[in-house]
Amino acid sequence: MSAPAEFNADLPTLVIESGRSEAHYWRDVWRYRELLGFLAWRDVKVRYKQTVLGVIWALVQPIVTTGIFTLIFGKVARMEEQVAVPFSLFVLSGVLPWQLFSAALSNSSASLVGNAHLISKIYFPRLVIPLSTLAVALVDFAVVLVLYLILSVWFGIYPNWHWLLLPAMMLLALLVALGAGLWLTALTVKFRDFRYIVPFLLQVGLFLSPIGFRPEFAPNRAALLALNPMTGVIDGFRWCLLPAEVPLDATRLLISLVMGLGLLLGGLWYFRRTERGFADVI
Amino acid sequence: MAADTVISVEGVSKRYQLGTGTRHDTLRDTLMHRLRGLLGRNRAAGGERDFWALRDLNFEIKRGEVVGVIGRNGAGKSTLLKVLSRITEPTSGRIGIRGRVASLLEVGTGFHPELSGRENIFLNGAILGMSRAEITRKFDEIVAFAEVERFLDTPVKHYSSGMYVRLAFAVAAHLEPEILIVDEVLAVGDAAFQQKCLGRMQSVVESRGQTIFFVSHNLKAVEHFCTRGLLLEAGQLTMDAPARTVVAEYLRKNAVRTGKARRQLSDEMDLEELSFEPATATLREPVTFTLTLRARQEALIHDFHFFIHNSFDDRSAVIDLRRGEGSRTLAAGRQLRITGRIPRINLVEGGYRIGLCLRTSRHFGVYPDLTSLQVAAGPAPDGFLPIPPEYQGTALIDYTFDDRVS
């Protein structure tokens, strides 16, 4: 047992009042970082409890998506003629960021309702919950990245210094996903049917993102495509992973960054505004 | 706030809206409602009812006090704890809290059935507000306290309920915040272990001047453990006095309720019916019971029993409802109906409260005081006055005897 701590009359007084915005919110989030770590670790641990199955699950979806897109966009739509690298590798380099984004978005959107039992029993800054779900998306991503690396070397494309910027691109994908995820998870607490919207959004997004093609190949729609925040992210990933194939398009990256930041700031605002009522309606 | 005040509550109220027609759980409903409003066909306007769970509470708690909150179901006890724990905010009023608060509103909050005992200690500790270093430092002590050394690396879904509860309590008992807020959780677990927990909390109070805020149906625990009692009735504080006095007043006021119970147990289960017939049973006569649950979402039931408490809230008996492999799976919307019979009700005459313990893969729910049962004395042997219930001891045994004078 620890030594008896002396009661300190100078301890700060916490004041709870209706509508009082938490002055130390961000300090509290920082104070609960270990909880964030534990929740993330719990999710990863449960998902990879049976290691082999966990890895297989993480790989099945991207492999199948890559296979189908290679067939449809490569063979049927003849996109492969316009790409110098093996088309399946090209597709996988787009599936990789998409997978990260879609896992992060769907996990974070479902997170509050999925942890309702915690929210109604314990206080902590609720932001910890959607944040902690990003871990599983990252671990799944790492598994697929290893597969990509093996394939890439197999096809004779070796990583160069562009790879060093991969973390920045990952952050950008997470920024967009978390921004949208915060909106969706807070809205799902109030409106339970939002949970049906997420898979729909992701399905539409899968086809409106340049995964099986390059935005330049759809010149008439390029401007429209750039409005999808994932366009810049996928482009950025390709620049890192396939340096000879794709030039860096700063405009698209900037659009993604601005949209990501906008989503995140808006999402944080809405999340904070509704957070105090979560326990009453969840 | 005075120097030794750790909690001050000033004019705190909490309102819930029991919406009929104004609160919407789905966007679809909200949109339809707006649409109807636009078309001028909104009949259900203003059907909203307010429910004041807490009404204008005022009190101060000083350092080192052990405060017991008592009151019937729905009196606002749990809401008060939730407001003090910052889980939900008050509608009006002001609360000042000085010191680190830990709240324990449920046994094993955040326990994950797939994770091992070891992993759950860390997870649960973090959820309750302990740092990793603190948990590591107290780990051996927690394990020894819970008496689960041999099963540390077994997933907790394979634990018996007793082990599960002991592990959960052990983590909680090693919290050392300045203020500890504890709900109903002591209703589970065996008596010896409860004593062990209370003993440990007591020593923390004495050695560190910890303040404890304690809600319980277990009046005996409140009486022995608490220095001060608060009685809540319909959201209002009606009595603030030494614990012993408040318990006596509560016992005097609180007649045993009877009848069917119907309520939401958790976000995965509704209780649709619970009845013991006849509500006033005669000693050693049969009693039948009916329980109907409906799953709101898929639920896997691990443990399942009724517990019967006498008017002093000592546990008198349990009715174990586990079946087969120890688990039942209910798909969303499915109903589980249990009917049973107690051939002879061998309980000392008096009033009994019946509660339900329901552990699923995601919840450990303890729902005391759902319904009640009155047991009346049977006929006394010819011509004698019956023995008063307080002289009858705790168990009714069946016996026969012969006598012969020689």
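Residues numbered from 1 in each chain as written. Chains lettered and ligands numbered in written order. Predicted model: local features only at pLDDT ≥ 70, side-chain atom pairs only at ≥ 80, totals over all residues. Heavy atoms only, no water.

A.B. asks: Break down the overall build of chain B for me, citing the residues and quoting the values.
C.D. replies: In terms of regular secondary structure, chain B is built from eight helices and 19 strands. In chain B, of all internal contacts separated by at least 6 residues, the share reaching a separation of at least 24 is 72%. (Helix = DSSP H or I, 4+ residues; strand = E, 2+ residues; numbered from the N terminus. Contact = heavy atoms within 4.5 Å.)

A.B. asks: Mind laying out the interface of chain A and chain B, listing which residues take part and the relevant values?
C.D. replies: The partner chain B presents 58 residues to the 44 residues of chain A that form the contact. Where chain A abuts chain B, roughly 4,700 Å² becomes buried across the two surfaces, and 60% of that area is made up of carbon and sulfur atoms. The partner of Glu119(B) in a salt bridge is Lys45(A), and the shortest N-O contact between them spans 2.8 Å. Here chain A is connected to chain B by 10 residue pairs in polar contact (both at pLDDT 80 or more). Listing elements by their share of the side of chain A that touches chain B, those giving two or more residues are β1 (13-17), α2 (33-47), α5 (116-119) and α13 (278-281) of chain A. Considering each element in turn, the side of chain A that touches chain B owes the most residues, eight residues, to α2(A). Across the side of chain A that touches chain B, the residue classes break down as 24 nonpolar, six polar and 14 charged. Across five bridges, the pairing between β1(A) and strand β4 (residues 92-98) of chain B is antiparallel. Its bridge partner being in β4(B), Leu14(A) is matched across the sheet by Ile97(B). (Buried area = accessible area lost by both parts, 1.4 Å probe. Salt bridge = Lys/Arg side-chain N within 4 Å of Asp/Glu carboxyl O. Polar contact = N/O pair within 3.5 Å; in protein donor to acceptor, adjacent residues only side chain to side chain. Nonpolar A, V, L, I, M, F, W, Y, C, P; charged D, E, K, R; others polar. Pairing = 2+ DSSP bridges.)

A.B. asks: For the nonpolar core, give the residues involved together with the corresponding values.
C.D. replies: Counting 170 residues, the largest nonpolar core has Leu80(B), Ile121(B), Ile212(B) and Phe213(B) as the members making the most contacts within it. Of the residues forming this core, the biggest block, 16 residues, is contributed by helix α8 (residues 166-190) of chain A. Per-domain counts for this core show at least three residues from each of domain 1 (5-18 + 48-253) and domain 2 (263-379) of chain B. Contacts of Leu80(B), omitting those with residues within four sequence positions, involve Leu54(B), Leu57(B), Phe59(B), Val69(B), Phe213(B) and Leu232(B). Counting residues in each nonpolar core, the second largest holds 35 residues, with Leu283(B), Ile342(B), Ile354(B) and Leu373(B) among its members. (Core = buried A, V, L, I, M, F, W, Y, C linked by side-chain atoms within 4.5 Å. Buried < 20%, exposed > 50% of the residue type's maximum accessible area, 1.4 Å probe, protein only. Domains from an automatic or database assignment.)

A.B. asks: Break down helix α5 (residues 161-173) of chain B for me, with residues and values.
C.D. replies: Residues and elements named next belong to chain B. Between its first and last C-alpha atoms α5 spans 18 Å; for 13 residues at 1.5 Å apiece the expected length is 18 Å, and the two agree. The element α5 is largely enclosed, with a buried count of 12 among its 13 residues. Of all the positions in α5, only Ser161, Met163, Tyr164, Val165, Arg166, Leu167, Ala168, Phe169, Ala170, Val171, Ala172 and Ala173 are classed as buried. (Expected span 1.5 Å × (residues − 1).)

A.B. asks: Please provide a residue-by-residue account of the pattern of salt bridges, values included.
C.D. replies: Residue and element names in this part refer to chain B. Under the criterion given, the structure shown has 34 salt bridges over all chains. One salt bridge connects Arg296 with Asp270, and the closest N-O pair in it is separated by 2.9 Å. With a gap of 26 residues between them, Arg296 in the loop between β13 (287-295) and β14 (299-310) and Asp270 in strand β11 (residues 269-277) connect regions that are remote in the sequence. The structure contains a network of salt bridges with shared partners spanning Arg100, Glu134, Lys138, Glu141, Glu176, Arg200 and Arg208.

A.B. asks: Can you break down the pairing of β13(B) residue by residue, with the values?
C.D. replies: Residue and element names in this part refer to chain B. Extensive coverage of β13 is indicated by the burial of seven of its nine residues. For β11 and β13, the ladder comprises eight bridges, and the chain directions are antiparallel. Note that in β13 the partner of Met269 across the bridge is Ala295. Note that β13 and strand β17 (residues 335-342) share eight bridges and pair antiparallel. In the strand pairing of β17, Thr290 is matched with Thr339.

A.B. asks: Give a detailed account of the confidence of the model for chain B, specifying residues and quantitative values.
C.D. replies: Residue and element names in this part refer to chain B. Confidence in the prediction for chain B averages 82 pLDDT; 87% of positions are at 70 or higher. The secondary structure element of chain B with the lowest average pLDDT is helix α1 (residues 27-38), at 72, and the one with the highest is strand β9 (residues 236-242), at 93. Per-residue pLDDT stays below 50 along residues 42-47; that stretch engages in five contacts with residues further than four places along the chain or on separate chains. (pLDDT = per-residue confidence, 0-100.)

A.B. asks: Run through the packing of aromatic side chains, naming residues and quoting values.
C.D. replies: All names here are of chain A. Under the definition given, this model contains 23 aromatic pairs over all chains. When the ring of Trp98 is compared with that of Phe101, the centres are 5.3 Å apart and the planes differ by 50 degrees; the resulting orientation is tilted. Taken as a pair, Trp98 and Phe101 lie in helix α4 (residues 87-114) at a separation of three residues, close to a single helical turn. You can call Phe101 buried: its relative accessible area is 8%. (Phe/Tyr/Trp six-rings, centres within 6.5 Å; stacked < 30°, edge-to-face > 60°.)

A.B. asks: Could you give me a rundown of empty space enclosed by the protein, with the residues and numbers involved?
C.D. replies: Residues and elements named next belong to chain B. Inspection of every chain in the model, using the stated rule, returns four cavities of 30 Å³ or more. Reported here for the largest cavity is a volume of approximately 100 Å³. Lining the largest cavity are 18 residues; nearest its centre among them are Phe111, Tyr164, Thr360, Ser361 and Arg362. When residues of the lining of the largest cavity are sorted by domain, at least three fall in each of domain 1 (5-18 + 48-253) and domain 2 (263-379). Estimates place the volume of the second largest cavity at around 40 Å³. What lines the second largest cavity is His217, Phe307, His309, Asp313, Arg353, Gly355, Pro368 and Asp369. When contributions to the lining of the second largest cavity are tallied by element, the ones reaching two or more residues are β14, β18 (350-360) and β19 (364-376). (1 Å grid on protein atoms, 1.4 Å probe; cavity = no way out; pocket = protein on both sides within 12 Å on 5 of 7 lines; lining within 4 Å. Points joined across faces, edges and corners; volume = space filled by probe spheres on them.)

A.B. asks: Tell me about the confidence of the model for chain A, and please be specific about residues and values.
C.D. replies: Residue and element names in this part refer to chain A. Of all residues in chain A, 94% have pLDDT values of 70 or greater, and the mean over the chain is 87. Per-element confidence in chain A ranges from a low mean pLDDT of 75 for helix α10 (residues 222-226) to a high of 95 for helix α6 (residues 128-132). Note on residues 1-7: pLDDT is under 50 here. Beyond four places in sequence and across chains, it has 11 contacts.

A.B. asks: Describe the sheet that holds β17(B), naming the residues involved and giving the relevant values.
C.D. replies: Picture the strands of a sheet paired through backbone hydrogen bonds; they go either parallel or antiparallel. Residue and element names in this part refer to chain B. In space, the four strands of this open sheet follow the order β10-β11-β13-β17, with antiparallel pairing throughout. On the outer flanks of this sheet lie β10 (263-266) and β17, each paired with one strand and no other. Across the sheet, the mean angle from the axis of one strand to that of its neighbour is 25 degrees, orientation sign disregarded. With three bridges joining them, β10 and β11 adopt antiparallel strand pairing. Bridging from a neighbouring strand, Ser266 pairs with Met269 of β11. (Axes fitted to C-alpha atoms, helices over the stretch in contact; angles between N-to-C directions.)

A.B. asks: Describe the environment of Thr188(A), and please don't skip the residues or the numbers.
C.D. replies: All names here are of chain A. Within the secondary structure layout, Thr188 lies in helix α8. Residues Thr188 and Ser109, spaced 79 residues apart in sequence, show a C-alpha to C-alpha distance of 7.5 Å. Setting aside anything within four residues of it in sequence, one finds Thr188 in contact with Ser109, Val113, Phe194 and Arg195. Of note is the side chain of Thr188, whose polar atom sits 2.5 Å from the backbone oxygen of Leu184.

A.B. asks: With reference to specific residues and values, describe the side chain of Ser108(A).
C.D. replies: Residues and elements named next belong to chain A. Residue placement: Ser108 occurs in helix α4. We classify Ser108 as buried; its relative accessible area is 0%. There is a polar contact of 3.3 Å between the side chain of Ser108 and the backbone oxygen of Leu105. Those residues within four positions of Ser108 in sequence are excluded, and the remaining contacts are Pro130, Thr133, Ala177, Gly181 and Thr185.

A.B. asks: Please provide a residue-by-residue account of helix α4 (residues 132-146) of chain B, values included.
C.D. replies: Residue and element names in this part refer to chain B. Maximum bend of α4: about 55 degrees, positioned at Lys138. For α4, the set of buried residues is Glu134, Ile135, Lys138, Phe139, Ile142, Val143, Phe145 and Ala146. Immediately beyond the C-terminal end of α4, within one or two residues, lies Glu147, with a positive phi of roughly 55 degrees. (Bend = angle between axes of the 7 residues up to and from the residue.)

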